[in-house]
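Architecture at a glance
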Amino acid sequence: MIINPPSNRREPRKERIDCDLAVVGGGLAGVCCAVTAARAGLQVTLIQDRPILGGNASSEVRLWVLGATSHMGNNNRWAREGGVIDEILVENMFRNREGNPVLLDTVILEIVANEPNIRLLFNTAVFDLDKENGSDSIQRIRGFCSQNSTLYEVEAPLFCDASGDGIIGFLSGAAFRMGAESRDEFGEKFAPDKEYGELLGHSIYFYTRDTGKPVRFVAPKFALDDIERIPRYRQFNTKEHGCQLWWIEYGGRLDTVHATEEIKWELWRVVYGVWNHIKNSGEFPEAETLTLDWVGLIPGKRESRRFEGDTILIQQDVVEQHNHEDAVSYGGWSLDLHPADGVFSERPGCDQWHSKGVYQIPYRCYYSRNIRNLFLAGRIISASHVAFGSTRVMATCAHGGQAVGMAAVLCRRHDLLPANLSSGPRLLELQRELLKVGQHIPGHHLDDSEDLVRSAAIEASSEWALGELDFEGPTLPVTDSLAMLVPLQPGPAPKFEIELRADQPTQIEWQLRLSSRPQSHTPDLTVATGRLDLNAGDPVRVVIEPEAVIDQARYGFVCLLANPQVSVRGSRMRVTGVLALTHRFNQAVAHGNVQEPPKDIGIDRFEFWRPQRRPEGHNIAIKITPPQTVFTAESIRNGLSRPTDQPNAWVADPLDPRPTLTLRWDKPRTLNRIVLGFDTDFDHPMESVLRSHPESVMPFCVASYSIKDADGRVIVECKHNHQTRNTWNFDPPISTELLLLEIDHPGADVPASLFEIRCYEPGKIKNHDRYSDVNS
């Protein structure tokens, strides 16, 4: 028993924590930053002011995680982010393909809890800090945990603000912006005017459930009682809920930091008013058995402060896909601005304009220009309001957080400050270390002198040449324009044989298109075109013979323009780095398949050619002459681990019963690590909530494989892989002059593929690289 006499004043319990890196904010940017740094050996304190991780992705808010793939709504092929965020999304798909937000919580929490180098503080709000005397550096921060009544003082040489509103950036005096820049400041033609508004608002979502019996609803007195105050109220229905109603938004005319509670109350009024309308207006008889299952208790925030780094990303960087020497991350979501009046606006809920491909984000956007030891991650990075419209989405934020985590590692390794990594050898080291742990940086490939595979002789039991996708699939109507996106080699364009059937005598137009940027996948260059005469009757094989020269290794689009009288034979095969695309050619504007921007807003006009989601999206059956030798075993050491301008994968012959890849050295090598990269379909967005997905393991992913040494001993055996990257550590190390990788085809119609295999010897590994440790 404890008895305390009266006291005039008592101090809360205090605890001091010393670490290498303090990360404030437990959204996906903070999580991916902390995990990346911890896996590379730093002692990390991750401070989260909520009771769960994930930020807007958590079950508290329930927004789907998206980034460059953009719901497959643009031309960014194979654009899903890599690294820790990929690991989270792939694992969530495996465990939770139905999109339960509570299960996503557990995936995120587990990935942090598995890291012994992370000290996680929940329910801890940072409210104060100290700066070093006479300097522009943060010395310590203070946060109070409401659940254990403890005041934490966290001291570190490096800090990362991933808090969303930028609390430590604000308290430390870091330069920041709030609101929209004028068109004149950066020459951004899409910059909004005052009438449109300068800030994006907050949202609160609700979930519904069918109980199977009548359920009444009595609206609280604070609910919005005039549904017609919402100009688009007729769009509400009984099928859409959660973040499908992203446009229930408010607060863009207010201070989105200090007025958040006021904004929350207004959103609650709207949500309960909307539900009252659905339940009690009489317009939705099917709502009789529906109940309100969940309403968000905190709003999901979009925009508040944006902090200034040594450069500011702007509209032109996104639209024109500028190259940056210090690129460490990328984006691909549209420039997506919302009217400040939100749900009460007469305007559409958003104005979205895409670029023709993904764009680089420079490292200089990820640290404060005037607080010397402060990194920036998440939606607060150094970007204009217009560019922020793209960089703000969660997968992009998470990917940038990984870059910050690795930058912190190098700062500690070499006793540097963040700005010291922005050029020269340390920048190259940062990019290399990021690529090694799965980060994709457009335009960059991994050049790793420590990888022993670079010096090995490689021999494959088979290499499939892209010559024919079987003609045994379904018949595909050409109601919409169709295309095969296929990798081509330099030289005269090959011939393409396909099978067509016409309902009546007709012609169909074909085109061979390329992208004006070889690593992008917008088919904006037509290099050959022709027409095929068809008679009604049985299917016939026809040959497309483009008179064109392919200038470099790149993807080509073999297009059939829409003709509802024609169908084409599909294929059963699905192959790494090969896709079928669709374009609603005759209904472009109505279906959003042509981007038609207004004049003089600095946005390109182009067509969208998109894949269909599985189980649809069958490839077109096609025979390519000569076959394209794009799937060689040499691909596994070209430093690229996803399709870019080529597939960058070894693909075995489908008829090879158990494909093998042999690595042979001129003398025995001592190995303590092997890293493999598999195809988990970087083209699939893997939306984290609401959407149900057709499979829990991506169809291209090799599930079963083994590795043997020179004596034939099995040193690795994996039966149920579903992750992108597998890392195998050996303690004690093994000595061998040969490795034999044996892999099984993922399916009868899916040949086995491999993006990379890397091998390391003891003493050559500078970070723990514990990503997807299947044998940890």
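1. A short note on the overall build of the chain
- Assigned secondary structure in the chain consists of ten helices and 42 strands.
- The C-alpha radius of gyration computed for the chain amounts to 27 Å, which stays within 12% of the reference 28 Å derived for 776 residues, consistent with globular compactness.
- By principal-axis analysis of the C-alpha atoms, the chain measures approximately 95 × 75 × 60 Å.
- Going through the 776 residues of the chain one by one, you find that 62% of them count as buried.
- Taking the contacts inside the chain whose residues are at least 6 apart along the sequence as the reference set, 79% of them involve residues at least 24 apart.
- A total accessible area of about 29,800 Å² is found for the chain, and carbon and sulfur atoms account for 47% of it.
- One finds the centroid of the 82 positive side-chain charges in the chain at a distance of 3 Å from the centroid of its 104 negative side-chain charges.

2. Quick word on the environment of Arg253
- Tracing the sequence through the fold places Arg253 in the loop between strand 12 (249–250) and helix 6 (260–280).
- Each C-alpha atom, one on Arg253 and one on Leu199, is 7.0 Å from the other, the two residues being 54 residues apart in sequence.
- Excluding residues that lie within four positions of it along the chain, Arg253 makes contacts with Lys194, Glu195, Tyr196, Gly197, Ala340 and Asp341.
- Within the local environment of Arg253, its side chain forms a polar contact with the backbone oxygen of Glu195, the two atoms lying 2.6 Å apart.

3. A few points about helix 1 (residues 28–39)
- Look at helix 1: 16 Å from first C-alpha to last across twelve residues, which is about the 16 Å you get at 1.5 Å a residue.
- Every buried residue of helix 1 is accounted for by Leu28, Ala29, Gly30, Val31, Cys32, Cys33, Ala34, Val35, Thr36, Ala37, Ala38 and Arg39.
- Following helix 1 by one or two positions, Gly41 adopts a phi angle in the positive range, close to 110°.

4. Concerning the sheet that holds strand 27 (residues 525–534)
- Read across the open sheet, the five strands follow the order 27-26-30-23-32; overall the sheet is antiparallel. Either end of the sheet is taken by a strand with one partner, and the two such strands are strand 27 and strand 32 (579–583). Shown here is a sheet whose adjacent strand axes are inclined to one another by a mean of 25°, direction ignored.
- For strand 26 (residues 506–514) and strand 30 (residues 554–560), the ladder comprises four bridges, and the chain directions are antiparallel. Residue pairing in the sheet places Arg513 in a bridge with Phe557 of strand 30.

5. Points about empty space enclosed by the protein
- Evaluated as defined, the whole model comprises eight cavities of 30 Å³ or more.
- Taken as a whole, the largest cavity spans an internal volume of roughly 240 Å³.
- As for the largest cavity, its lining consists of 23 residues, of which Leu579, Arg614, Asp681, Asp683 and Phe700 are closest to the centre.
- Along the walls of the second largest cavity sit 14 residues, with Gly438, Ser641, Phe682, Thr724 and Arg725 positioned nearest its centre.
- A per-class count over the lining of the second largest cavity returns three nonpolar, seven polar and four charged.

6. A look at unusual backbone geometry
- Between Thr625 and Pro626 the backbone carries a cis peptide bond, its omega angle lying at -5°.
- Residue Asp731 is joined to Pro732 through a cis peptide bond whose omega torsion reads 10°.
- By the secondary structure assignment, Pro732 is in strand 40 (residues 725–743).
- A positive phi angle, close to 55°, is found at Asn123, a residue other than glycine.
- Take Asn123: it is sitting in the loop between strand 4 (118–121) and strand 5 (124–131).

7. Quick word on the sheet that holds strand 4
- Strands sit in the order 4-3-2-8-19 across an open sheet of five strands; the sheet is parallel. The two strands at the open ends of the sheet, each matched to only one other strand, are strand 4 and strand 19 (374–376). Sheet twist, expressed as the mean angle between neighbouring strand axes with direction ignored, is 20°.
- Strand direction decides the pairing type here: strand 2 (residues 21–24) and strand 3 (residues 44–47), joined by four bridges, are parallel. From the neighbouring strand, Val23 faces strand 3, where its bridge partner is Leu46.
- Running at roughly 160° to strand 19, helix 9 (residues 394–414) makes contact with strand 2, strand 8 (158–161) and strand 19 of the sheet.

Cut-offs used in this document
- In this numbering scheme, every chain counts its residues from 1 along its sequence in written order.
- With pLDDT at 70 or above as the cut-off, local features in this predicted model cover only qualifying residues; side-chain atom pairs require 80 or more to be listed or tallied, and sums for whole chains, interfaces and linings still use all residues.
- To get the side-chain values, take all heavy atoms of the structure and skip hydrogens and water.
- Starting at the N terminus, helices and strands are each numbered in turn, a helix being any DSSP run of H or I of at least four residues and a strand any DSSP run of E of at least two.
- Here the globule rule reads 2.2 Å times residues to the power 0.38, and the radius of gyration is calculated from C-alpha atoms.
- A 1.4 Å probe rolled over the protein chains alone gives each residue an accessible area, and that area as a share of the maximum for its type sets the label: buried under 20%, exposed over 50%, partly exposed in between.
- Throughout, a contact is declared for two residues whenever any of their heavy atoms are within 4.5 Å.
- We get accessible surface area from the Shrake-Rupley algorithm with a probe of 1.4 Å; when it comes to residues, only the shown protein chains can shield them.
- Residues scored as charged are limited to Lys and Arg (positive) and Asp and Glu (negative), so that His and the chain ends carry no count.
- Here the site of a charge means NZ on Lys, CZ on Arg, CG on Asp, or CD on Glu.
- For this analysis, a polar contact is any N or O atom pair within 3.5 Å, provided that within protein one partner can donate a hydrogen and the other can accept it, and provided that sequence-adjacent residues contribute only side-chain to side-chain pairs.
- Take the number of residues in a helix, subtract one, and multiply by 1.5 Å to get its expected span.
- Pairing between strands is defined by DSSP: at least two bridges between the two strands are required.
- Axis definition: a line fitted to C-alpha atoms, limited for helices to the stretch in contact. Angles are taken between N-to-C directions and run from 0 to 180 degrees.
- Every definition here rests on a 1 Å grid over the protein atoms only: cavities are sets of points where a 1.4 Å probe fits but cannot get out, pockets are open sets enclosed by protein on both sides within 12 Å along at least five of seven lines, and lining residues have some atom within 4 Å of a point.
- Grid points are joined across faces, edges and corners, and a volume is the space filled by probe spheres set on the points.
- Under the grouping applied here, Gly and all other residues not named as nonpolar or charged are polar, the nonpolar ones being Ala, Val, Leu, Ile, Met, Phe, Trp, Tyr, Cys and Pro and the charged ones Asp, Glu, Lys and Arg.

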